[in-house]
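# Analysis of the macromolecular model
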Amino acid sequence: MSERESERNFQKMLQVLRDHQSVHFEACVRCGLCGKSCHVYLSDPSVENLPVTKAQKVVGLQRKKSEEVDEKFLLSLQESVYGRCTGCGRCNLNCSIGLNIASIIRVGRTILSALGRTPEKLLRPLKNQLEYGNQMMVSADEMRETATWIASDLRLESGQESFDIPIDKEGARILYLVNPREIKFAPLSLMAAAGVFGAAKESWTLASRFFDVTNFGFIAGDDESMKQVAEAVFSEGKRLGVREVILSECGHGARVFKWDSGVASPLPTKSIIELLDLYIEQGRVRLDKKKNAARVTLHDPCNLVRWSGVSEAQRRVLREACADFKEMIPNRAQNYCCGGGGGMQLLQECSEVRLRSAEIKANQIRSSGAKVVATPCHTCIDQLTELNKKYQLKVEISTVTELVYNALLY
Amino acid sequence: MGQTIFFFSLAWCAFFLSLKSFKRRGKGVTPPWKLSRAEVKGVFYNFTFLMSPFFKESARLYPKKFILGLGMHGGVVLALLLPLLWPLFEEGWMNSLAAMATLTAAHFAMALLFFRIRDRELRAISIFDDYASLLLTMFLLGSATLHLVLKTAATNDILLMSASLIFFAMPFGKLKHALFFFLVRYDYGTLLGKRGVFKNE
């Protein structure tokens, strides 16, 4: 890195720091008490894995000189904020001062984004979202085709001729955002949601273009892109004239669209989990919990629970939909991250840390004695599926909606 | 003279800390008069339940450091209040109690310094500021104990000097957490309250 480039980078960093410095930058006392709250540290108790070390890489920039911010430093910052932190925020709750440590670490991602150093594996889906409207470049035609055959299978399986998957239906009550992987690889999730909507006689629609519940601007720390992606989705909702946006089971999607997108949401926005809870409460769907007889436990996605406060709805739903629901310990806001959050799931170079740091989660699952692990997040589903193999848990991984669909009485 | 320097350091500290918090005001901190009911609940929760060992896991996982830290901070608050509330502590059981508290807190501060030097991880994350702040704190607690016991003009001057040093240093280093602790807990409390992140089981 040339001296000029180094100086330019340094100035950019300082600008990002100035823009993001909050009261949380001023109060770390470096007590180290955050260590044992972090699943990455617990799996490898080294100084580099302490949340305070990761946060100090960002806060400490205020004390650095431009010549100290060299290639070596940038690589170590990248490793810290992408390879050693999922942004789960468990350290926040257990910090002796009460710092929002995870948000400080995320500023490190914003700095790297400003310097064009976001890992390619995270940048590609973001570019796709900005260019094609979704992270997997699903075209409108592909969307329609997939929806058509899923709807056909749904009617066949449920025996309900009225069930459908409408696309771009103007005037529907809700716009349902999905993870593109539901279109590409996990059609059962979409089918389950469509089944529940059908049973509840809901007026709903998918959008053919801006339907993506994920937001890689958030994961990459690129706030401008995050805003753009969220704005496009909300505009789609306005164009279709819907009254509510419902988010498919996605941890960070819920956090971004409900709280952190930087855009004032023009439409009420909630997770499908909250809607399922409402359907059950209002008696719009009837469930037979005997259809889910095996013991079910729940993994709380950090972004949905610790960052968005949706913690009781999924429990009420699972108690209605499953005969034997057992909590993991600890749970809710103190639950451990699955290890795959913050984009780590996509970063090949982090797979060792990702799987090792999740041993604590595997042990939680094992101790619950469950045969099924439910989780309202597709990233968690992917990670738990890998854990299932690595730690030989012999469990089934499911979304909450899929369990509800399975328990439906028509 | 000692009194003048003490009050000057207090004003200095208040000025610079206000300036610092004013600079950070736009970065998420909602003014108290704009808080919603849920946010007020969140702030209360963050200052009470979430600080208790029942809810805060780190307090249970690091019991020694948690107790030492708590005890030391109690002693520091008392020592800083001494010059202002001296008549209360001049004689009797209040004097004895305060002397014991500051002496214990001084030992706790020494223990924390010992941990910081001995513990490999803590040593690695520590910077000069951490050691300097602990030494200043120990000086304050020691001088407070000395004054509570001897009650001479000289010990009074030493206490005023150590308290002034703390106030002069406060806005520029780690000691500023004396103010920012409250701002941070308040700010994160509003986030918890607004989003409804309460349950810990």
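A brief report on the enclosed structure follows. In this text, all values refer to a predicted model and were calculated from it rather than measured experimentally.

### Overview of the interface of chain A and chain B
Taken residue by residue, the interface counts 52 residues in chain A and 40 residues in chain B. Between chain A and chain B, a total of about 3900 Å² is buried, with carbon and sulfur atoms accounting for 55% of that surface. When the buried surface of chain A facing chain B is broken down by residue, Val 23, Glu 26 and Arg 30 of chain A rank first, second and third, together holding 19% of it. In this structure, the connection of chain A to chain B is made through 5 salt bridges. Among the ionic pairs, Arg 195 of chain B bridges to Asp 260 of chain A, the shortest N-O distance being 2.5 Å. Across the contact surface, chain A and chain B share 19 residue pairs in polar contact (both at pLDDT 80 or more). Put simply, the parts of the chain that give the side of chain A that touches chain B at least two residues each are helix 1 (3-20), helix 3 (51-59), helix 5 (90-94) and helix 13 (251-260) of chain A. At 4 residues, the largest contribution of residues to the side of chain A that touches chain B is made by helix 5 of chain A. Taken together, the residues that form the side of chain A that touches chain B break down as 20 nonpolar, 20 polar and 12 charged.

### Concerning the pattern of salt bridges
A side chain of one charge can pair with a side chain of the opposite charge when the charged atoms of the two come close. Under the counting rule described, the total for this entry stands at 35 salt bridges over all chains. Salt bridges sharing partners connect three or more residues here, namely Arg 30 of chain A together with Arg 116, Asp 129, Asp 130 and Lys 174 of chain B.

### A short note on the packing of helix 1 (residues 2-23) of chain B against helix 10 (residues 177-195) of chain B
Residue and element names in this part refer to chain B. It is at 11 Å that the axes of helix 1 and helix 10 come closest, and there the two elements cross at 30°. What the angle tells us is that helix 1 and helix 10 run roughly parallel. For the pair helix 1 and helix 10, the crossing hand works out as right-handed. Residue-level contacts link Leu 17, Lys 20 and Ser 21 of helix 1 to Leu 179, Phe 180 and Leu 183 of helix 10.

### Overview of empty space enclosed by the protein
Residue and element names in this part refer to chain A. Per the counting criterion, the structure on display carries 4 cavities of 30 Å³ or more. Roughly 110 Å³ of internal volume is contained in the largest cavity. If you trace the largest cavity, you find 18 residues lining it, with Cys 28, Val 52, Cys 95, Leu 99 and Ile 101 closest to the centre. Listed by contribution, the elements that provide at least two residues to the lining of the largest cavity are helix 3 and helix 6 (101-114).

### So, the side chain of Ser 80 of chain A
Secondary-structure assignment places Ser 80 of chain A in helix 4 (residues 71-83). Ignoring any residue separated from it by four or fewer positions in sequence, one finds Ser 80 of chain A in contact with Lys 54, Lys 57 and Cys 85 of chain A.

### Considerations on the sheet that holds strand 2 (residues 204-205) of chain A
Residues and elements named next belong to chain A. Spatially, 2-1-3-4 is the arrangement adopted by the 4 strands of the open sheet, whose pairing is parallel. At either margin of the open sheet sits one strand with a lone partner, and together these are strand 2 and strand 4 (269-271). As paired strands, strand 1 (residues 174-177) and strand 2 are joined by 2 bridges and run parallel to one another. Residue pairing in the sheet places Ile 174 in a bridge with Trp 204 of strand 2. Its contacts with the sheet place helix 10 (residues 187-199) against strand 1 and strand 2, and it is angled at close to 160° to strand 1. Where helix 14 (residues 272-282) meets the sheet, it contacts strand 1, strand 3 (244-247) and strand 4, and its direction lies at approximately 80° from that of strand 4.

Conventions adopted
- Residues numbered from 1 in each chain as written.
- Chains lettered and ligands numbered in written order.
- Predicted model: local features only at pLDDT ≥ 70, side-chain atom pairs only at ≥ 80, totals over all residues.
- Heavy atoms only, no water.
- Contact = heavy atoms within 4.5 Å.
- Buried area = accessible area lost by both parts, 1.4 Å probe.
- Salt bridge = Lys/Arg side-chain N within 4 Å of Asp/Glu carboxyl O.
- Polar contact = N/O pair within 3.5 Å; in protein donor to acceptor, adjacent residues only side chain to side chain.
- Helix = DSSP H or I, 4+ residues; strand = E, 2+ residues; numbered from the N terminus.
- Nonpolar A, V, L, I, M, F, W, Y, C, P; charged D, E, K, R; others polar.
- Axes fitted to C-alpha atoms, helices over the stretch in contact; angles between N-to-C directions.
- Parallel < 35°, antiparallel > 145°, perpendicular 65-115°, else oblique.
- Left-handed = near helix turned anticlockwise from the far one by under 90°.
- 1 Å grid on protein atoms, 1.4 Å probe; cavity = no way out; pocket = protein on both sides within 12 Å on 5 of 7 lines; lining within 4 Å.
- Points joined across faces, edges and corners; volume = space filled by probe spheres on them.
- Pairing = 2+ DSSP bridges.

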